[in-house]
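Now for the letters of each chain:
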Amino acid sequence: MVSALVRNAGALERIDCAAKAWDGPPDGTLAWWKSRYIPSDSSGPKLAPAEVLLDVLEELESHPEDKALRYLVALQLVRRKVLKVNDAHSTEVASHMDPQSLVLSCRKRQSEYRVEVTSAEEAFAKGVEERLQLLLWSGGEE
């Protein structure tokens, strides 16, 4: 395919077209380039579904020795916008109870999770990062 960046009415517009249909850059073109679409290999590693990570988060609640892993899974779910930091509740918790907890809400499951915040040393302790990678990715080469 061929793509072009064209100035149109004072704005920039990107135009993409099939290489066979390309007649050359249109007026106002600032840049153009050729690209090739290569479908992804379906046998490569795949990111674990959010539902699976929510199950893991819930399961790890009963394993206090895995609090660092649970915290990292929770952060991953916040990053994916599956969990949302409950600001109002977190402020209340921080001022009255345990300032080391993060309160997260999940619209999918209509649930609230309290996750203990861990230090960087705990999060990057030997084995935690490897376990997180195994949870997040599957189907890769061994």
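Let me begin by describing the structure that accompanies this report. (Residues numbered from 1 in each chain as written. Predicted model: local features only at pLDDT ≥ 70, side-chain atom pairs only at ≥ 80, totals over all residues. Heavy atoms only, no water.)

1. Remarks on the sheet that holds strand S6 (residues 101–106)
The line we're drawing: For two strands to count as paired, DSSP must find a minimum of two bridges between them. Segments assigned H or I by DSSP are reported as helices when at least four residues long, segments assigned E as strands when at least two residues long, and all are numbered from the N terminus.
Here we have three strands laid out as an open sheet, ordered S5-S6-S7, and antiparallel in their pairing. Single-partner strands in this sheet number two, and they are strand S5 (84–85) and strand S7 (111–116). Judged from the two bridges that link them, S5 and S6 form a sheet pairing that is antiparallel. Residue Lys84 lies in a different strand from S6, and its bridge partner there is Ser105.

2. Some remarks on the pairing of strand S2 (residues 11–17)
Pairing geometry for strand S1 (residues 2–8) and S2, over seven bridges, is antiparallel. Bridge pairing in S2 links Ala4 to Ile15. Hairpin connection from S1 to S2: two residues lie between these consecutive antiparallel strands, with Ala9 at a positive phi of about 55°.

3. Brief notes about helix H5 (residues 128–136)
How we decide: The buried label applies to any residue whose accessible area, calculated with a 1.4 Å probe on protein chains only, is under 20% of its type's maximum; exposed applies above 50%, and partly exposed to all values in between. Throughout, the arc means the angular range of directions from the helix axis out to the C-beta atoms.
Along H5, the residues classified as buried are Val128, Leu132 and Leu136. Within H5, the buried residues cover an arc of 65° as seen down the axis, which keeps them to one side.

4. Some points on the sheet that holds S2
The condition that has to hold: Axis geometry follows a simple rule: fit a line to the C-alpha atoms, using only the stretch in contact for helices, then measure angles between N-to-C directions, giving values from 0 to 180 degrees.
Across the sheet, three strands lie side by side as S2-S1-S3; this open sheet has antiparallel pairing. Edge positions in the sheet fall to S2 and strand S3 (29–34), since each of these pairs with one other strand and no more. Taking each pair of neighbouring strands and ignoring which way they run, the sheet shows an average axis angle of 15°. Sheet topology note: the S1/S3 ladder contains five bridges and is antiparallel. Each residue of the ladder has a partner; that of Ser3, found in S3, is Trp33.

5. Brief notes about the side chain of Asn86
Applicable threshold: Here a polar contact is taken to be a pair of N or O atoms separated by no more than 3.5 Å, where protein atoms must pair a possible hydrogen donor with a possible acceptor and residues adjacent in sequence count only if both atoms sit in side chains. We call two residues in contact whenever any of their non-hydrogen atoms come within 4.5 Å of each other.
If you trace the backbone, Asn86 turns up in the loop between S5 and helix H3 (87–96). At a separation of 3.0 Å, a polar atom in the side chain of Asn86 contacts the side chain of Glu112. The contacts of Asn86, once residues within four sequence positions are left out, are Val103, Leu104 and Glu112.

6. A few points about the nonpolar core
Under the convention used in this document: Only buried Ala, Val, Leu, Ile, Met, Phe, Trp, Tyr and Cys residues count toward a nonpolar core, and they belong to the same one when joined by side-chain atoms within 4.5 Å.
Counting 25 residues, the largest nonpolar core has Leu54, Leu57, Val73, Leu77, Leu83, Tyr113 and Val115 as its most contacted members. Listed by contribution, the elements that provide at least two residues to this core are helix H1 (50–60), helix H2 (67–79), S6, S7 and H5. Counting residues per element, this core draws most heavily on H2, which supplies seven residues. Apart from the residues lying within four places of it in its own chain, the contact partners of Leu57 are Arg70, Val73, Ala74, Leu77, Leu83, Tyr113 and Val115.

7. Points about the packing of H2 against H5
Stated precisely, the cut-off is as follows: To sort the angles, those under 35 degrees are grouped as roughly parallel, those over 145 as roughly antiparallel, those from 65 to 115 as roughly perpendicular, and the leftovers as oblique. Two helices that cross are described as forming a left-handed crossing if the nearer one is turned anticlockwise from the farther one by less than a right angle, and a right-handed crossing if clockwise. We call Asp, Glu, Lys and Arg charged. Ala, Val, Leu, Ile, Met, Phe, Trp, Tyr, Cys and Pro are nonpolar, and the rest, Gly among them, are polar.
Contact pair H2 / H5: the axes reach a minimum separation of 10 Å and the direction vectors enclose 45°. Accordingly, the angle class assigned to the pair H2 and H5 is oblique. Seen from above, H2 lies across H5 with right-handed handedness. Along the contact surface, H2 presents Ala68, Leu69, Leu72, Val73 and Gln76, while H5 presents Val128, Arg131, Leu132, Leu135 and Leu136. Tallied by class, the residues present in the contact of H2 with H5 amount to eight nonpolar, one polar and one charged.

8. Structural notes on the environment of Ala31
Within the fold, Ala31 resides in strand S3. Residue classification places Ala31 among the partly exposed residues on the basis of a relative accessible area of 31%. With 25 residues separating them along the chain, Ala31 and Val6 place their C-alpha atoms 7.4 Å apart. Residues within four places of Ala31 in sequence aside, it is in contact with Ser3, Ala4 and Leu5.

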